[in-house]
Each structure stands twice: as C-alpha cells, then as structure tokens.
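Here's the letter readout for the chains.
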Amino acid sequence: MERVAIIGMGQTQHAAQRTEVNFPELVYEAVSLALKDAGIGIDGIDNVITTCNDFWDGRTISSMATGDVSGARGKNVSAVEGDGAFGAFYGLTRILSGAYGTTLVTAYSKGSESVPYLITNAAFDPIYMRSLGLDMVTSCALQARRYMKRYGISEEECALVAVKNRGNALANPNAHQGMRITVEDVMRSRRIADPLKLYDISPVSDGAGCIILAREDRAKKIPHRPVWVKGVSFCADAYLLGDRELSECRALEKAAQAAYKMAGIQDPRKEIDVAEISEAFTYQELLWTEGLGFCEKGGGKKLIASGATAKNGDIPVNPSGGLMGAHPVIAAGLIRILEAARQVRGDAGDMQVKKQVQLALAHGVNGVCGQSHCVWVLGRD
Amino acid sequence: MGKRVAIVGTGQTHHRSIRRDVNGQELIHEAAVRALKDAELTIDDIGGVVIGNMDHFEGINYVDCWSIDGSGGYLKPTIKLTTGGTTGATLAVAGYHMVASGMFEKLLVIGWEKNSESDTTGAIITCTDPIIERQFVAGAISGLALEAQAYMHRYGATPRDAARVSVRDRRHACNNPHAQLRGEITIEDVLNSPRLADPLRLLDMCPRSDGACAVVFASEDVAEKICPTPAWVLATANRHMFSDYTDVVEMSSLLSMVEASKELWQKLGIREPLKEVDVIELYQPYSWAGLIWIEDMGLCKKGEGPKLLWDGVTDMGGELPINPSGGVVATNPIGATGLIRCAEIALQIQGKAGARQVSDVKLGVATGFGGNWWTDMLAFGKKKPN
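Residue indices follow the written sequence of each chain, beginning from 1 at its first position. Written order decides the labels, with chains lettered from A and ligands numbered from 1. Predicted model: local features are reported for residues with pLDDT of at least 70 only, side-chain atom pairs are reported and counted for 80 or more only, and whole-chain, interface and lining totals are derived from all residues.

1. Side note on helix α10 (residues 282-291) of chain A
All names here are of chain A.
Consideration 1: Three exposure classes are used, all based on how many other C-beta atoms lie within 10 Å of a residue's own C-beta (placed from the backbone): buried at 20 or more, exposed at 12 or fewer, and partly exposed between those limits. In this description a helix means any DSSP run of H or I spanning at least four residues, a strand means any run of E spanning at least two, and both kinds are numbered starting from the N terminus. With 10 of 10 residues buried, α10 lies mostly within the body of the structure.
Consideration 2: Along α10, the residues classified as buried are T282, Y283, Q284, E285, L286, L287, W288, T289, E290 and G291.
Consideration 3: Once α10 finishes, G293 follows within two positions and takes phi at roughly 80°, a positive value.

Okay, structure coming up:
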C-alpha cells in the first residue's frame, strides 16, 4: 500500500447546543482549523469527501449544505452517508487510486436540531419493528442485557466506563460532558431503558470534524509530524437483531483483524499504544475492546477493572473521553481518528498518554447495536 | 499508481412505476443476483458492497445496514453514498476509486430506489435550506422549468425542439426490455400532454420508477479473467458546485457540466467529443436537458443543440447516439439512474446491448445529474488504458 498520512485536522467546540452557528458554519469552523493545522490553503486540497446523514440533518441530499464550506467548489467531490470513519475510508482510497494527492474529509452533526428517537427508529423495519418503539437506546439496552447476562457483567462494572471517560473528558477542551463522577452517581442516574441509565448513555452533541489526508510526497511539506495510515478496514453484520449474536461483535472482529493484518500487527493488546473508540453506551466499550482483541470474549470488564484502559494504563482507551465527552453523531468516528492522530503526534495536550505512542487505533460505528464497524490503525513511522 | 479498473458484470431489475411484488431488499437482491450471474461470480467472490439511494424516498435510515439481506454485504465491508440524483453515478465513481486503490479486487456497487413508496416532491423539497429557500423552491420540476425558460429566452429554442428529445428517447426505449415506458410518442403527443410547469409538459419529464441496478467493478488483476470484454474506466470528473439554489447564477447553462466535461475531455485527450465519443448515456431528467447539456459538454456550440437533434445526429444510427437505452425519460429509479447509465455504457462496450446495441463502441460516456445542478461523469473504453 502506498503511504498516506493525516497532515491536518480540526474540530469544533462540541456542545449540547451551538445556537450561534448553523451546520454549514460548524463544518467551516472545522475545515478552517484543519487547513491551518496543515499549513496549507484550500488550493492545496485536490478533492473533497463530505460525510452526512439525511435523517440526522432533516434534509434530503444533506451533502448539498456542506460542499461549499468544505471547499469543494471547482473540485471533484463526493459524499458518504454514515459515520465519518467510513467517509475518511473513501477519502483514503481516492488517494490510493492515484487520482489525487490530498483529500479533505468532513463530518458533522447538529444533534440539537434532531429528534434521535425518530431518526434511529427509522433504521428499523417499517412494517414489523418500528411500531415496537425500538430506537438506538432501547435496542442497545437489549444488547446490553444479552451481553451482561451471557458473561455475568453487572451494571456497576459497566458504570466504570462512564466514570473513566467522563473523567478523561475533563482534560478535553473540545468536549462538553467532562465530569468527575462515581459508580454510585451512575447507578443513581435516571433509568432510561433498563439496564441503561442516563450516565451510561453518551450525549448527542453539536459539532464537526475535518481531517486532511495526503500521499507521501505531499505529506512532507507540513509544519509537524505526519501521522501515517497503517491499516484500515470495515465490516457489516446481519441486519435483524435476531439474526445476530448481540453479545459478540463479529463484524468488529473481522474489521479489526483485516486492519491489523494490513498494519502488520500480531498482538493488538501489546502493540497498540492507545485507542479511541465509539462507545455510545458504557457496555459498548467493554464489548468493543473484546472485538478489537484487547482481551478475550467476556473479558472487557476485567480489562477496565484492572486499570489497563485508564489514561495511564498500558492500553488507554478514550483518553479524550470518547463519545461520553462529546458525541456529534455522524462525526464521532472521524473525531476518534483525529484524537488518535493527536496522540501519535504527541500534541494531545492534557489528554496525552504517558508512553510514547507508536501505534494508535481509531474506531467508528454505523447502524444500531454496532452492526457495522470501521477500524483505523495510525502510526508514527 | 492505482490499479486499472473495469466493469465486468451488470444487472438491472425490471423497472416499473410500482413493483408491488418485491420490497426494497428484494429489489436490491434482484439486481445484485443478475450482476453476479452476468459476471459468473458468486457473492463469496465479492470483497465489499457500495450502495446508495436517497433516504427520504423510502424513509429508511442507515440503508447500508438495512440492505444487507438483499445486497449480500453480510460480514463484508459495506458503505453507503448518497448525493441526490447523482447518487448512481457517484456510486460508480466510488466503485472505481475503491478498486483502483488496491483495497478491493472485486466490488459490488448497487443503486436502487423504490419511488412508489415516496412523495417525490415532498422528499426533494427538503434539500433546500429550511429557513431561506424551502418556501419557494418546490421540488424538481419547477427548477428544471426555470432552466428551460432561461434557455428558451437566451437561445430561441422552442418546446417543439425539446419534444424531439423525448420522441428520440421513447423510441430508443422500445429496444430496451428493462425500460419502464416502452411505447413510441410523437411531437404532438408531447406538445399536447398536460402542462406541469411552463414550459414543461408531462411527456417532457422523466417518470419515477421502482428499480435497482448492480455493477461489478474488478481490478486489472482479474478483470480479463472474469469477462472477455471488460468495460475499462478511463476517467471520472464531477462538480457539485453550489450549496444553495440562490447560488445558481446562470440558468441557461449547466455550469457543473461545463466544468466536469472540460476536465473529462482533458483527461481523455479528447478535442472533439462529437467525433471521438461513440455513445453517451446522459442523465437527462427532462427533454430540455437533451438540448442544453449536450451543448454544455461541448458536442456543439451554445444554441445549436436543437439542430443536432433535428439532424438525427444523436439518434440510433447517427454520428453520436445518445441514450440508446431510452434514458431517464423512460426509466428513473433515482438512486439507480446514474448507475444504469454506466451499466448501459458497459453493455455497449461489451457488445451485449441487444436491440439497443450501437455498432463498434470503443468509447462511451455516462453522466449523472442531481443535487443543486450537479454533474458526475465517467468515461469507459474497450481498450485497456495504459
């Protein structure tokens, strides 16, 4: 594979509500920061990929609103619908194809203008399932139950994720849900869909992210260390919840294995230095760390309890606070890539993990209950 | 450098105004199975799935995830793209780049729409800014009527000229077993059909269809083993140049087509597209586009489109046949429409287009139109590129 690097990145201040900007303005904010970070102007961008979702935006052809602000005027451009990590994948292939030297990728969500229940209910079969009231939260509650029952995981053990990530988010200037809480606080928070309580659930945020990818020869003229793409893959599981074993994440396992193979990783637990993953719910961080091969199946609870995934553990997970700190839905995976890349560059500020980061992992999700996963491995060399 | 990429198999459903016999996933499945059969592959040979439609037509979110049972994307990389009317062409452009990247050897690309389950204008209207534009931009037809008005005003073309385009495409559609509207019409039929938005009449416009199209893209490593005559992707170019309707400063030309075609011809080394291109499948949602946009892509000077039509240059047997399939005024399952243009060009290059075959096709061009006056273009060739 030809070498491609992340040479620029920018993200907005994420918030529960950004009333002072509309969503194109939100994207423009991230794009401007990314160009500044890369030390180039929009003329240095060969092509553009926007990531959006018509349901979350309440607009059809939602990419219409964000092309111009992503600098697509006069350039080849396309739009991926779904999580930003998938958008970035297409952006990467456009460079690997030999067609372009640089790709600018954007993703955003303005959750404050959305009705998450209706939007995620629309992911379900309209005849048989929508009327059951299933949405992202209720279906994930089912998945949490199945996973917890199978491996004997308690609500308190899941709550550790909320405590860790919301605590980590305090060090993240772009996050808006940083807080110092205890397992008891999580247990006492309002029950939304059993076993999920308010603090088990990530917020829905307003925010945008942007990364600039570049071919090796174009990555050398930047003011800081390029972050190399070492491996990337994605994979989708079956659609119907009943067709899947919800206590496992086969699609994530497959995507991770393919990304590791590309990156030459044999033992992810030892070789990956830090991971930024999409944990919309606390139980998901435990489950996803299993899918990523950081521990055995059912071992996620032990991994977090051991402190290994804490900021200064041997495999820190979500030092940025992850989705618990800020969750601009469609941008979530792109922002994970961005945060992982900052760790590799060593400029993650107060979020920076102690050990030198050679390899960092980023992860995005599409669909409900983690039906489709995208895994990126980024490296220093 | 990237791999060279070709289309090695295509499949289309039978397109109808309402397909009551299938749901969306079954519609997708019908096209996917036909494409695999055409390429003599099974789903196990496929490395990933690229799929697209316009969400608000069916009201289903996360279609990449929902469509797995129909697309065959189970435990495979599956990704969704959507760009409005251009979606189908956008999917083909993605299929090309993803295979060229070396990340996939064989990729299944699927465009689909079940328009009968939607309120087309109601869904399209929400593409515009909710505060500033939604009150006065009313779906697809009125915007196209503005373009026709501006073109008429500037170049003196008449509704009769535009009717000639519909007559051509509906005649061509009689040769296409997949087409929805098969039945010849006359100039007078068009001019006497109900007026929708002045100067557009019913028979100037595309229908809306239920349908799907699937295409297998393969890399140079395997393309010639799969298919005796792969349709090689020679170049792609696109422009999605405006965000708001009020940004569209020039209505008598499709500026995105002007820019994208300029880039495409430059990449191909083409100076005289009318002479050098053998066949075009134009995403032409209404008759007038068959005049205006062929000028914008440089087949003739501005204002000379009608002459090209009346001289029969773009008819079957003419110098540069346009829409041998009958095009979009005969069939329009929106998310599939641009991909059908690519599949039809591939069939022309492979010599598998049956009664709609144009003789000796070496170079064909497919286009997509959508969004806010956007254009996607792809060129396919019989000869493997250098």
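2. Quick word on the domain arrangement of chain A
Residues and elements named next belong to chain A.
Consideration 1: By domain assignment, chain A separates into domain 1 (4-115 + 204-218) and domain 2 (227-379).
Consideration 2: Note that the domain bounds reflect an automated or database-derived domain assignment. Distance between the C-alpha centres of domain 1 and domain 2: 21 Å.
Consideration 3: Taken together, the contact pairs 31 residues of domain 1 with 27 residues of domain 2.
Consideration 4: Every element with two or more residues in the side of domain 1 that touches domain 2 is listed here: β1 (4-11), β2 (47-52), α3 (84-96), β4 (102-110) and β7 (206-215).
Consideration 5: Among the elements that take part in the side of domain 1 that touches domain 2, α3 stands out by supplying 7 residues, more than any other.
Consideration 6: Any residue that is not Ala, Val, Leu, Ile, Met, Phe, Trp, Tyr, Cys, Pro, Asp, Glu, Lys or Arg is counted as polar, Gly included; the first ten are nonpolar and the last four charged. A per-class count over the side of domain 1 that touches domain 2 returns 17 nonpolar, 12 polar and 2 charged. By the convention adopted here, residues make contact when the C-beta atoms placed from their backbones lie within 7 Å.

3. With respect to the interface of chain B and chain A
Consideration 1: Residue-level contacts link 47 residues of chain B with 49 residues of chain A.
Consideration 2: Residue assignment for the side of chain B that touches chain A shows that the elements contributing at least two residues are α2 (55-58), α3 (63-66), α4 (68-71), β3 (78-81), α5 (87-100), α6 (120-124) and β8 (231-239) of chain B.
Consideration 3: Broken down by element, the side of chain B that touches chain A gets its largest block of residues, 6 residues, from α5(B).
Consideration 4: Grouping the constituent residues of the side of chain B that touches chain A by class yields 22 nonpolar, 19 polar and 6 charged.
Consideration 5: Each pair of strands is called paired provided DSSP finds at least two bridges between the two strands. As paired elements, strand β3 (residues 76-81) of chain A and β3(B) share 2 bridges and run antiparallel to each other. Its bridge partner lying in β3(B), A:V80 is registered against B:L81.

4. Focus: unusual backbone geometry
Consideration 1: The amide bond that connects A:D194 to the next residue, A:P195, takes the cis arrangement and shows omega of 10°.
Consideration 2: Tracing the chain through its elements places A:P195 in the loop between β5 (191-193) and β6 (196-197).
Consideration 3: A cis amide bond links B:D198 to the next residue, B:P199, at an omega of 5°.
Consideration 4: Mapping B:P199 onto the fold places it in the loop between β5 (195-197) and β6 (200-201).
Consideration 5: Positioned with a positive phi, B:Y62 is a non-glycine residue whose angle comes to about 55°.
Consideration 6: Owing to 25 C-beta atoms within 10 Å, B:Y62 belongs among the buried residues under this scheme.

5. Remarks on the pairing of strand β7 (residues 210-219) of chain B
Residue and element names in this part refer to chain B.
Consideration 1: When you tally the buried positions in β7, you get 10 out of 10 residues, the bulk of the element.
Consideration 2: Judged by which residues are buried, β7 turns out to be covered on both faces: D210, A212, A214, V216 and A218 on one side and G211, C213, V215, F217 and S219 on the other are all buried.
Consideration 3: Bridge analysis of strand β1 (residues 5-12) against β7 gives 7 bridges, and the strand direction is antiparallel. Note that in β7 the partner of G11 across the bridge is A214.
Consideration 4: By the bridge criterion, 9 bridges tie strand β4 (residues 106-114) to β7 in an arrangement that is antiparallel. Residue pairing in the sheet places L108 in a bridge with V216 of β7.

6. A short note on the packing of α5(B) against helix α15 (residues 334-350) of chain B
Residues and elements named next belong to chain B.
Consideration 1: It is at 5 Å that the axes of α5 and α15 come closest, and there the two elements cross at 55°. Between α5 and α15, the angle is such that the two are oblique. Note on element contacts: α15 touches α5 through G335, A336, T337, G338, L339, I340, R341 and C342, opposite T87, G88, A89, T90, L91 and A92.
Consideration 2: In terms of residue class, the contact of α5 with α15 is made up of 7 nonpolar, 6 polar and 1 charged. To define axes, lines are fitted to C-alpha atoms, for helices over the stretch in contact only, and angles between the resulting N-to-C directions are given on a 0 to 180 degree scale. Roughly parallel here means an angle under 35 degrees, roughly antiparallel means over 145, roughly perpendicular means 65 to 115, and every remaining angle is called oblique.

7. Side note on the domain arrangement of chain B
Residues and elements named next belong to chain B.
Consideration 1: Per the domain assignment, the segments making up chain B are domain 1 (5-119 + 209-226) and domain 2 (132-206 + 234-381).
Consideration 2: The distance between the C-alpha centroids of domain 1 and domain 2 comes to 23 Å.
Consideration 3: Listed as interface residues are 34 residues of domain 1 and, on the opposing side, 33 residues of domain 2.
Consideration 4: Ranked by residues supplied to the side of domain 1 that touches domain 2, first place goes to α5 with 8 residues.
Consideration 5: A breakdown of the residues in the side of domain 1 that touches domain 2 according to their chemical character gives 13 nonpolar, 18 polar and 3 charged.

8. Digging into the pairing of β8(B)
Residue and element names in this part refer to chain B.
Consideration 1: Among the 9 residues of β8, 9 are classified as buried, and the element is accordingly described as predominantly covered.
Consideration 2: Inspection of the sheet shows β1 paired to β8 by 2 bridges, in the antiparallel sense. Bridging across to β8, A6 finds its partner in W232.

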